[in-house]
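# Structural description and commentary
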Amino acid sequence: MLALDVSGLRMQFPGLAAPVLSVDRFHLPAGGRLAITGASGSGKSTFVNAITGLEDVRDGSVSWSGTEITRLSAGRRDAFRARNIGLVMQDFHLFPGLSAFENVVLPIRLTRRLAVNERERALYLLAVTGIARPQQKIETLSRGEMQRVAVARALLSRPGVIVADEPTASLDRQAGNEVAELLLQLSAEEGTTLIVVTHDAALAERLGRRINLVSGRIEEDSQEVAAQ
Ligand SMILES: Nc1ncnc2c1ncn2[C@@H]1O[C@H](COP(=O)(O)OP(=O)(O)OP(=O)(O)O)[C@@H](O)[C@H]1O
């Protein structure tokens, strides 16, 4: 499991006068659970892109348990993410034409041969996420099932952190609850740090700690409120 440290992070885009993200200091301990909330356009996805290294950070630093990813080249950042960060996105990012199983193992197969224990773990994760037919073509699954496949894929390489960007937003309530439950249960079982961007108040509550972004700034941190 990985701890997150952010300092002096500013994200600016061309044509915008003010930074869309401005975080002076933020720490999440290893194994911590965090909900990120905020209105549309408040900078939630930009924060996720910065801490996962999907976006290049020019101003400030992001470290995961001592590895400062903001000092790495884009290639090394991608390698760090592949090894350490499990991503679950709102729109799944699955590949049609491939089966549920093939989607789960694709990130490994793109770089090397799949080991026997990885194949077994993929089948295990598909079973615990409730995918009864691993060979079913991904485009024939329900949206809730697709997101459960994405959760299985995120966990395959035993990442130190799972980052989920609105994982339940495009699902109906029941499917969303099932995905939320899986993220909470599986990350707890494996001791994984868990960061979830969500509009779902019930899910945010269950994660324990919540930060609220307003115009790119952390305006509220439930842990600081609790500590006062
Ligand atoms: N590549 C970019 N170029 C210019 N502006 C951008 C870029 N990416 C994001 N922005 C702007 O930065 C601000 C924050 O966007 P961001 O997507 O992080 O918000 P969000 O809180 O995730 O919103 P939502 O809940 O609607 O997804 C918005 O005003 C957006 O228009």
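Residues numbered from 1 in each chain as written. Predicted model: local features only at pLDDT ≥ 70, side-chain atom pairs only at ≥ 80, totals over all residues. Heavy atoms only, no water.

Looking now at the site of the ligand. Every residue lining the ligand is accounted for by Phe13, Leu16, Val20, Ala39, Ser40, Gly41, Ser42, Gly43, Lys44, Ser45, Thr46 and Glu166. Contacts to the ligand include glycine 43, whose backbone N or O atom sits 3.1 Å from an oxygen atom. With respect to the ligand, the backbone of serine 45 contributes an N or O atom lying 2.8 Å from an oxygen atom. Protein contact buries 59% of the 640 Å² of open area that the ligand shows by itself. (Near = heavy atom within 4 Å. Polar contact = N/O pair within 3.5 Å; in protein donor to acceptor, adjacent residues only side chain to side chain. Areas by Shrake-Rupley, 256 points an atom, 1.4 Å probe, with all protein chains shown as cover.)

By way of backbone hydrogen bonds, the strands of a sheet pair with one another, either parallel or antiparallel. Taken in spatial order, the four strands of this open sheet run 2-1-4-5, and their pairing is antiparallel. Two strands bound the open sheet, and with one partner strand each, they are strand 2 (21-28) and strand 5 (67-68). (Pairing = 2+ DSSP bridges. Helix = DSSP H or I, 4+ residues; strand = E, 2+ residues; numbered from the N terminus.)

What follows is about the packing of helix 4 (residues 116-128) against helix 5 (residues 143-155). With their axes 9 Å apart at the nearest point, helix 4 and helix 5 run at an angle of 145 degrees to one another. Here the hand of the crossing between helix 4 and helix 5 comes out right-handed. Of helix 5, the residues touching helix 4 (which contributes Arg121, Leu125 and Leu126) are Val149, Ala152 and Leu155. A class-by-class count of the residues in the contact of helix 4 with helix 5 yields five nonpolar, no polar and one charged. (Axes fitted to C-alpha atoms, helices over the stretch in contact; angles between N-to-C directions. Left-handed = near helix turned anticlockwise from the far one by under 90°. Contact = heavy atoms within 4.5 Å. Nonpolar A, V, L, I, M, F, W, Y, C, P; charged D, E, K, R; others polar.)

So, about unusual backbone geometry. Non-glycine residue serine 65 carries a positive phi angle of around 45 degrees. For serine 65, a relative accessible area of 43% translates into the label partly exposed. Residues other than glycine seldom take positive phi values, yet serine 215 does so here, at roughly 50 degrees. Among the secondary structure elements, serine 215 is positioned in the loop between strand 9 (209-214) and strand 10 (217-221). (Buried < 20%, exposed > 50% of the residue type's maximum accessible area, 1.4 Å probe, protein only.)

We now examine the sheet that holds strand 7 (residues 161-165). Read across the open sheet, the six strands follow the order 6-7-8-3-9-10; overall the sheet is mixed. A single partner strand is all that each edge strand has here, and the edge strands are strand 6 (85-89) and strand 10. Direction aside, neighbouring strands of the sheet carry axes that sit 20 degrees apart on average. Inspection of the sheet shows strand 3 (residues 33-38) paired to strand 8 (residues 193-197) by four bridges, in the parallel sense. When the sheet's bridge partners are listed, alanine 35 is paired in strand 8 with valine 196. Most of the contacts of helix 1 (residues 44-51) go to strand 3, to which it runs at about 140 degrees, and overall it touches strand 3, strand 6, strand 7, strand 8 and strand 9. With respect to the sheet, helix 5 is in contact with strand 6 and strand 7, its orientation differing from that of strand 6 by roughly 170 degrees.

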